[in-house]
Amino acid sequence: MTAAPLLLSLLLAASVAGDTSEEATPSPCYDVAVRAKLIDQIPSIMPECDDCLIMSWPWFVDLKVARVLEGHLDDKVVTALVVQHTYHVSRYGVWKLRHNAVGGYNVVQGFDSDKPPARCAAGTPPAKPYIRSKDKSLDDLRNEGIKQYGHYPKQ
């Protein structure tokens, strides 16, 4: 199995199979860019896999916003979903956030450095969240991750 289908199958394993209620965004775009401090990061429960390597899966991150660089955001602390392999070491940075269909944000990433994502056009529908469940809320999934893996204490 090549890397792209493997990664896609792992991400689909963590999301609702067959859910096509929202269309995928054709190219990455973001709604708001912020300079923020990473204050908490919690992995979701890693998908079960007997015969594969899981390189990345959805995590929950809490960001303490120091400054909004582009777009509009009233919140001083934002919870977002990000797909990553392990904990971020750097605690400060610029985060590009995309509204998702469950009322939160996805962190926009995984783009070529010479082709950074653009701001989303007005009226662009929200993106699919990186993780969801038919019978559990995002808070439930986050709490399962805390119970399984723990998390950095909020500062």
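Scroll up a little and you will see the structure.
Residues numbered from 1 in each chain as written. Predicted model: local features only at pLDDT ≥ 70, side-chain atom pairs only at ≥ 80, totals over all residues. Heavy atoms only, no water.

> Got a sec to walk through the packing of aromatic side chains? Specific residues and values, please.
Per the stated rule, a full pass over the model turns up 1 aromatic pair. Relative to Trp59, the ring of Trp57 lies with its centre 5.8 Å away and its plane at 40°, an arrangement referred to as tilted. Of the two residues, Trp57 and Trp59, both sit in the buried class. (Phe/Tyr/Trp six-rings, centres within 6.5 Å; stacked < 30°, edge-to-face > 60°. Buried < 20%, exposed > 50% of the residue type's maximum accessible area, 1.4 Å probe, protein only.)

> Hey, could you go over the environment of His99 for me, with residue numbers and the actual values?
Positionally, His99 belongs in strand S5 (residues 92-99). Along the chain, His99 and Thr124 lie 25 residues apart, while their C-alpha atoms are 9.7 Å from each other. When residues no more than four places from it in sequence are discounted, the contact partners of His99 are Asp31, Gly104, Tyr105, Pro126 and Ala127. (Helix = DSSP H or I, 4+ residues; strand = E, 2+ residues; numbered from the N terminus. Contact = heavy atoms within 4.5 Å.)

> Could you give me a rundown of the sheet that holds S5, with the residues and numbers involved?
Taken together, the 5 strands give a closed barrel; going around it, the order is S2-S3-S4-S6-S5, and neighbouring strands pair in mixed fashion. Ignoring which end each strand starts from, the neighbouring axes of this sheet average 50° apart. Bridge count for strand S2 (residues 32-43) against S5 is 6 bridges, and the pairing is antiparallel. The residue bridging Arg35 from the neighbouring strand is Val94, located in S5. Across the face of the sheet, helix H2 (residues 138-149) comes into contact with S2, strand S3 (57-70) and strand S4 (77-84) while running at roughly 55° to S2. (Pairing = 2+ DSSP bridges. Axes fitted to C-alpha atoms, helices over the stretch in contact; angles between N-to-C directions.)

> Outline H2, listing residues and values.
With 12 residues, H2 ought to run about 16 Å at 1.5 Å a step, and its terminal C-alpha atoms sit 16 Å apart, in line with that. Residues of H2 that are buried: Leu141, Arg142 and Gly145. For H2, the buried positions fall inside an angular range of 100° around the axis, keeping them on one side. Within H2, the exposed residues directed more than 90 degrees away from the buried face are Asp139 and Lys147. (Expected span 1.5 Å × (residues − 1). Arc of directions from axis to C-beta.)

> With reference to specific residues and values, describe the pattern of salt bridges.
One side chain can pair with another of opposite charge once the charged atoms of both are near each other. A complete count under the given rule lists 4 salt bridges for this structure. The partner of Asp40 in a salt bridge is Arg142, and the shortest N-O contact between them spans 3.6 Å. Here Asp40, found in strand S2, pairs with Arg142, found in helix H2; they are 102 residues apart in sequence, far enough to count as distant. Taking the shortest distance from any N to any O, the salt bridge between Arg142 and Asp62 comes out at 2.6 Å. On the criterion of sequence distance, the pair formed by Arg142 in helix H2 and Asp62 in strand S3 is long-range, its members being 80 residues apart. (Salt bridge = Lys/Arg side-chain N within 4 Å of Asp/Glu carboxyl O.)

> So what's going on with the pairing of S5? Residues and values would help.
Two strands pair when backbone bridges link them, and S5 and strand S6 (residues 105-107) are joined in this way by 3 bridges, in the antiparallel orientation. Bridge pairing links Leu97 to Val107 in S6. Linking S5 back to S6 in an antiparallel pair, the connection comprises 5 residues, with Gly103 at a positive phi of about 90°.

> Would you mind going over the state of the cysteines in detail, with residue names and values included?
Evaluated as defined, the whole model comprises 1 disulfide. At a sulfur-sulfur separation of 2.0 Å, the disulfide partner of Cys29 is Cys120. Because the torsion about its S-S bond is 90°, the bridge between Cys29 and Cys120 counts as right-handed. Of this pair, Cys29 sits in strand S1 (residues 29-30) while Cys120 sits in the loop between strand S7 (118-119) and H2, and the two are 91 residues apart along the sequence. (Disulfide = S-S within 2.5 Å.)

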